[in-house]
Amino acid sequence: MDGNTLVHHGDSGKIGSLYGQDMLTFIADFQSYAASAYDTARYLVTNGHRYPESQAVAALGSFDRAAFETLSKYRSLPVTAAPGEASLAMYVNSLGRLHIRRTEDERVRYDLQDQILEIGYVAAGQEILGEILEAHAQAMAVEERQFAKVKRALDKVHAAGSLRDVLELTMDHVQHVESVCFYVGDRFFAVIERFINLVESRKGSEAFLPRLRDLPYAEWSNDEILIVAALHALFLSGRSVRFEEFNGVSLTASALWDKLHDLLRAYRDAGCVCEAPEDVDLFDLARIVREQSGKSEGAGWLRYRWIYGLNFQKNERILSSTRSTEDPLSYLREFGGEYQELAGRVPPAGIEESEFFHDLAMASLNRDLLGVACGSGGEAVKGWVEHLIERIVASAVLATSSDYGMSSSLRDISKLVEPDDAKLMNVVHAFQPGDFFTCFVSKGMREGMERSTADTIAVSVQRRMMFNRWHFIPGNFERGNIVMTRHWYYPPMIPDIAIHSDVHRAAHARARVKYSVRAPGPDMSMRPLVIGDRPYRGFYDVRVVRMTGREFTTEDMLRTRRRTLWMSQLYAVLADHVAARVGNSLPITGFQPGKYCDIEAQPARGDEETRGIPRVLRVPRIPSISS
């Protein structure tokens with residue numbers, strides 16, 4: 001194949017894509033696969049074999065998918081530099097979306113400055129082209145039937161006089177999730193950092209959803225009906241984070257129904273007892289899915305999300321068990337010394353993890369209340385509670401072979417102990433990022449790179465997580481109580497595993513967040529944290545990051561989540577304390593940006609059990625203070 005056919009259309013000075021980074025950089029070696037058009041297409045659609053093919057094909061348009069699946073049966077067909085009989089043109093845009101279209105079809109563009117990489121042509125011939133056309137026709141027939149059911153559901157909403165409310169709520173929901181971006185046909189809709197066209201005007205043009213306010217429902221196009229109905233159904237099925245299930249992929253009526261039924265099937269497989277009639281209304285199906293998602297609290301199975309950073313896609317998955325392969329008694333070896341020194345006794349035989357860390361948290365709080373200086377931990381620590389937080393984060397970093405980890409939350413939770421709702425919301429609205437903290441623990445970072453680089457990464461992570469926490473805190477309250485001018489997101493409520501997160505987002509790039517695990521607490525499988533008689537989820541977390549190497553597994557996620565469960569005992573103790581002693585708060589004053597703990601990259605000589613984790617200093621036993 002002639003390399004001269006690789007042409008970028010559009011403004012050559014344009015940097016990046018609507019996502020952020022130019023996705024064409026991930027398929028630079030595509031010519032190595034030109035002997036087979038199908039192999040070339042697989043390489044392109046999976047972003048250079050980074051993206052699981054089973055999910056990647058969901059980004060294809062209907063004709064492109066029909067062509068892709070048909071070419072899988074004719075793997076000897078090559079990619080050529082010039083068109084032949086009944087040819088297909090293969091090209092990719094800067095968003096990384098692959099198109100396999102008839103040569104005579106106009107090239108698809110998603111932005112005026114969109115760049116297109118011409119891959120070449122496939123001389124399919126009339127017979128193979130006929131197969132593609134037939135497969136496409138069949139898919140469109142299915143889509144037409146599925147869309148009719150979508151429209152029927154929205155018709156009912158309109159007939160009930162609720163469509164305007166649904167539209168307004170949908171626009172509001174879209175703005176309170178971090179990233180929304182999907183394809184409908186050959187159009188790209190998004191509310192992301194670099195591109196917004198769903199809810200705000202761009203360059204003077206009217207945004208997609210707001211213009212529907214003044215358009216009679218009878219004049220809505222099929223795309224408009226699909227998008228509003230889909231977003232409403234997805235929200236009903238699990239709040240606005242469900243929008244991210246379609247990030248970077250094609251939103252169709254068929255895909256929407258499949259998504260909801262797949263979620264319901266996964267809950268059934270986990271043990272939920274539920275039924276959905278064959279002719280179930282779209283929005284009723286969504287509500288049934290939402291009902292099952294709430295059954296994870298106290299269950300032995302776990303909801304989590306798998307995140308693909310190259311297109312922001314976030315898929316909910318279910319893990320059948322919350323148990324990791326880690327030694328169930330490892331906490332006794334790892335924290336037994338602290339327990340004996342701080343609690344003043346040997347851990348009782350058979351003590352459960354929850355009780356163990358509850359005791360450790362109480363002992364740490366007691367010392368802080370008595371003003372006992374803490375001489376242990378990193379430079380960021382100002383007290384015993386903070387030392388325990390840092391130790392738990394360090395444990396997560398080592399248990400998952402991570403480069404660094406963190407935990408963030410509100411510095412002074414006593415501020416949330418306010419019985420008057422209006423006054424409480426005034427407090428919440430007055431919070432600034434500085435009212436939150438980020439405990440940052442790295443592993444050998446200061447040894448493995450320039451000190452200034454390590455410090456820059458730590459500071460950027462700390463400030464970013466404090467800013468994120470400021471965004472998350474209002475999401476725990478009823479929407480009507482949050483002022484319209486306050487920017488906020490729903491807090492994370494289930495663990496997640498992310499890959500290739502150092503793309504598109506400047507903050508992630510600065511922090512070199514290639515792979516990550518986030519275990520928020522309390523997640524949906526745990527009881528909520530109660531502060532001032534109000535429940536909170538996603539109020540704190542444990543996160544770990546790898547800057548290079550291999551991606552995290554579900555085992556790593558379970559180990560991280562185990563540390564979140566340890567952390568939950570600390571916050572339960574703090575919540576009980578502020579509830580019993582209103583006005584006698586104990587705020588987190590350490591963990592200031594730029595201050596962090598860098599543990600040894602290798603186990604310390606003669607101290608294999610602690611594997612480089614800073615040990616507490618020996619302190620005299622101090623009488624406990626009950627709370």
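Structural data are supplied above this passage.
Residues numbered from 1 in each chain as written. Predicted model: local features only at pLDDT ≥ 70, side-chain atom pairs only at ≥ 80, totals over all residues. Heavy atoms only, no water.

**Q** I keep staring at the overall build of the protein and nothing clicks. Help me out?
**A** Broken down by element type, the protein carries 16 helices and 16 strands. For 627 residues, the compact-globule formula gives about 25 Å, and the C-alpha radius of gyration of the protein, at 27 Å, lands near that figure. For the protein, with 627 residues in total, the buried portion stands at 58%. Counting only contacts in the protein whose residues sit at least 6 apart along the sequence, the fraction spanning at least 24 positions is 71%. For the protein, the accessible surface area stands at approximately 25800 Å², while carbon and sulfur atoms represent 49% of it. One way to put it: in the protein the 74 positive side-chain charges average out to a point 4 Å from where the 83 negative ones average out. (Helix = DSSP H or I, 4+ residues; strand = E, 2+ residues; numbered from the N terminus. Rg over C-alpha atoms; globule rule 2.2 N^0.38 Å. Buried < 20%, exposed > 50% of the residue type's maximum accessible area, 1.4 Å probe, protein only. Contact = heavy atoms within 4.5 Å. Areas by Shrake-Rupley, 256 points an atom, 1.4 Å probe, with all protein chains shown as cover. Lys, Arg positive; Asp, Glu negative; His and termini not counted. Charge placed at Lys NZ, Arg CZ, Asp CG, Glu CD.)

**Q** Explanation requested: helix α3 (residues 62–71) in the structure shown.
**A** Every α-helix carries 3.6 residues per turn, so stepping three or four residues along brings you back to the same face. Burial within α3 is extensive, with 7 of its 10 residues counted as buried. The set of residues buried in α3 consists of F63, D64, A66, A67, F68, T70 and L71. Elements in contact with the buried residues of α3: α1 (37–45), α2 (53–56), β2 (87–93), β3 (98–102), β4 (116–123) and α4 (125–159).

**Q** Help me understand the nonpolar core, please; the structure alone is not making it clear to me.
**A** The tendency in soluble globular proteins is for nonpolar side chains to be buried side by side. One finds F188, L198, L209 and F539 to be the most contacted residues of the largest nonpolar core, which totals 186 residues. With 11 residues, helix α6 (residues 222–238) is the single largest residue contributor to this core. With sequence-adjacent residues up to four places away left out, L198 is seen in contact with V174, V180, F182, F189, A190, V191, A207, F208, L209, P210 and I227. Y404, M406, F440 and Y596 belong to the second-largest nonpolar core, a separate cluster that totals 15 residues. (Core = buried A, V, L, I, M, F, W, Y, C linked by side-chain atoms within 4.5 Å.)

**Q** Please explain the pairing of strand β8 (residues 313–319) as it appears in this structure.
**A** When a strand is regular, its side chains alternate between the sheet's two faces. For β8, the buried fraction is high: 5 of the 7 residues fall into the buried class. Two elements, strand β7 (residues 302–308) and β8, share 7 bridges in a ladder whose sense is antiparallel. Note that in β8 the partner of Y304 across the bridge is R317. Between β7 and β8, which pair antiparallel one after the other, the connecting turn spans 4 residues, and F312 there sits at a positive phi close to 70°. (Pairing = 2+ DSSP bridges.)

**Q** How should I be thinking about the side chain of S442 in this particular structure?
**A** Of note, S442 is situated in strand β10 (residues 436–443). On the basis of relative accessible area, S442 is assigned to the buried category, the value being 0%. Ignoring sequence-local partners within four residues, the contact set of S442 consists of D403, Y404, Y596, C597, D598 and I599.

**Q** Where do I start with the sheet that holds strand β15 (residues 540–546) in this structure?
**A** Across a sheet, strands are paired by hydrogen bonds formed along the backbone, either parallel or antiparallel in direction. As summarised here, the arrangement of the 8 strands in space is β8-β7-β11-β12-β15-β9-β10-β16, forming an open sheet in which the pairing is mixed. The strands lining the two open edges of the sheet, one partner per strand, are β8 and β16 (597–599). Looking at each pair of strands side by side, their axes are set apart by 20° on average, direction ignored. Each of β7, β8, β9 (404–410), β10, β11 (496–499), β12 (515–521) and β15 is contacted by helix α16 (residues 554–580), which is oriented at about 150° to β15, the strand it contacts most. (Axes fitted to C-alpha atoms, helices over the stretch in contact; angles between N-to-C directions.)

**Q** So what exactly am I meant to see when it comes to the packing of aromatic side chains here?
**A** Aromatic ring pairs are defined here through the distance separating the ring centres and the angle between the ring planes. One pass over the structure, following the stated rule, counts 30 aromatic pairs. Considering the side-chain rings of F440 and Y596, the 5.4 Å spacing of their centres and the 85° angle between planes classify their relative orientation as edge-to-face. Placement of the pair is F440 in strand β10 and Y596 in the loop between α16 and β16, with a sequence separation of 156 residues. A residue is classified by how much of its surface remains accessible, and F440, at 1% relative accessible area, is buried. Residue class for Y596 comes out buried when judged on its relative accessible area of 1%. Joined through ring pairs, the aromatic side chains of Y19, Y110, Y183, F188, F195 and F312 make up one cluster. We note R391 situated over the ring of F335; from NZ or CZ to the ring centre the distance is 4.3 Å. (Phe/Tyr/Trp six-rings, centres within 6.5 Å; stacked < 30°, edge-to-face > 60°. Lys NZ or Arg CZ within 6 Å of the ring centre and 35° of its normal.)

**Q** Got a minute to help me understand the packing of helix α10 (residues 353–369) against α16 in this structure?
**A** Angle between the axes and distance between the axes are the two parameters that describe a pair of packed helices. At a minimum axis distance of 9 Å, the contact between α10 and α16 shows a crossing angle of 45°. Classified by the angle their axes make, α10 and α16 are oblique. Seen from above, α10 lies across α16 with right-handed handedness. Residues E353, S354, F357, H358, A361, M362, L365 and L369 of α10 form the contact with α16, whose own contacting residues are R562, W566, Q569, L570, V573, L574 and H577. In terms of residue class, the contact of α10 with α16 is made up of 9 nonpolar, 4 polar and 2 charged. (Parallel < 35°, antiparallel > 145°, perpendicular 65-115°, else oblique. Left-handed = near helix turned anticlockwise from the far one by under 90°. Nonpolar A, V, L, I, M, F, W, Y, C, P; charged D, E, K, R; others polar.)

**Q** Sorry, what's going on with the pairing of β9 here?
**A** Among the 7 residues that make up β9, 7 are buried, leaving the element largely enclosed by the rest of the structure. Pairing of β9 with β10 involves 7 bridges; the strand directions are antiparallel. Along β10, the bridge assignment pairs L410 with F436. As paired strands, β9 and β15 are joined by 3 bridges and run antiparallel to one another. Residue Y404 lies in a different strand from β15, and its bridge partner there is V545.

**Q** Please explain the environment of G590 as it appears in this structure.
**A** Structurally, the position occupied by G590 is in the loop between α16 and β16. Exposure remark for G590: the relative accessible area of 0% places this residue in the buried category. Here the alpha-carbon distance between G590 and Q113, two residues 477 residues apart in the chain, equals 47 Å.

**Q** It is not clear to me how the environment of H429 should be interpreted in this structure. Could you clarify?
**A** With respect to the secondary-structure elements, H429 resides in helix α12 (residues 421–430). Here the alpha-carbon distance between H429 and H487, two residues 58 residues apart in the chain, equals 10.0 Å. Those residues in contact with H429, other than ones at most four positions away along the chain, are N481, I482, V483 and R486.

**Q** What exactly am I supposed to notice about the pattern of salt bridges here?
**A** For side chains of opposite charge, pairing can occur when their charged atoms come near one another. Following the criterion strictly, the structure yields 45 salt bridges and no others. Here the salt bridges share partners, and the residues they tie into one network are E326, E334, E353, R562 and R563. (Salt bridge = Lys/Arg side-chain N within 4 Å of Asp/Glu carboxyl O.)

**Q** Any chance you could explain unusual backbone geometry here in plain terms?
**A** Most peptide bonds adopt trans geometry, and most residues besides glycine take a negative phi value. In this model, G521 is joined to P522 through a cis peptide bond whose omega is -10°. Looking at the secondary structure, you find P522 in the loop between β12 and β13 (529–531). Of note, the phi angle at A86 is positive, near 45°, even though the residue is not glycine. Summarising the element assignment, A86 is placed in the loop between α3 and β2. Located in the positive-phi region is R512, a residue other than glycine, with phi close to 55°. Inspection of the secondary structure assignment puts R512 in the loop between α15 (506–511) and β12.

**Q** I'm lost on the side chain of S568 in this one. Help?
**A** Mapped onto the secondary structure, S568 falls in helix α16. In terms of polar contacts, S568 uses its side chain to reach the backbone carbonyl oxygen of L565, at 2.4 Å. Dropping the residues within four chain positions of it, S568 is found in contact with M526 and Y540. (Polar contact = N/O pair within 3.5 Å; in protein donor to acceptor, adjacent residues only side chain to side chain.)

By themselves, these figures tell us nothing about what the structure is for.
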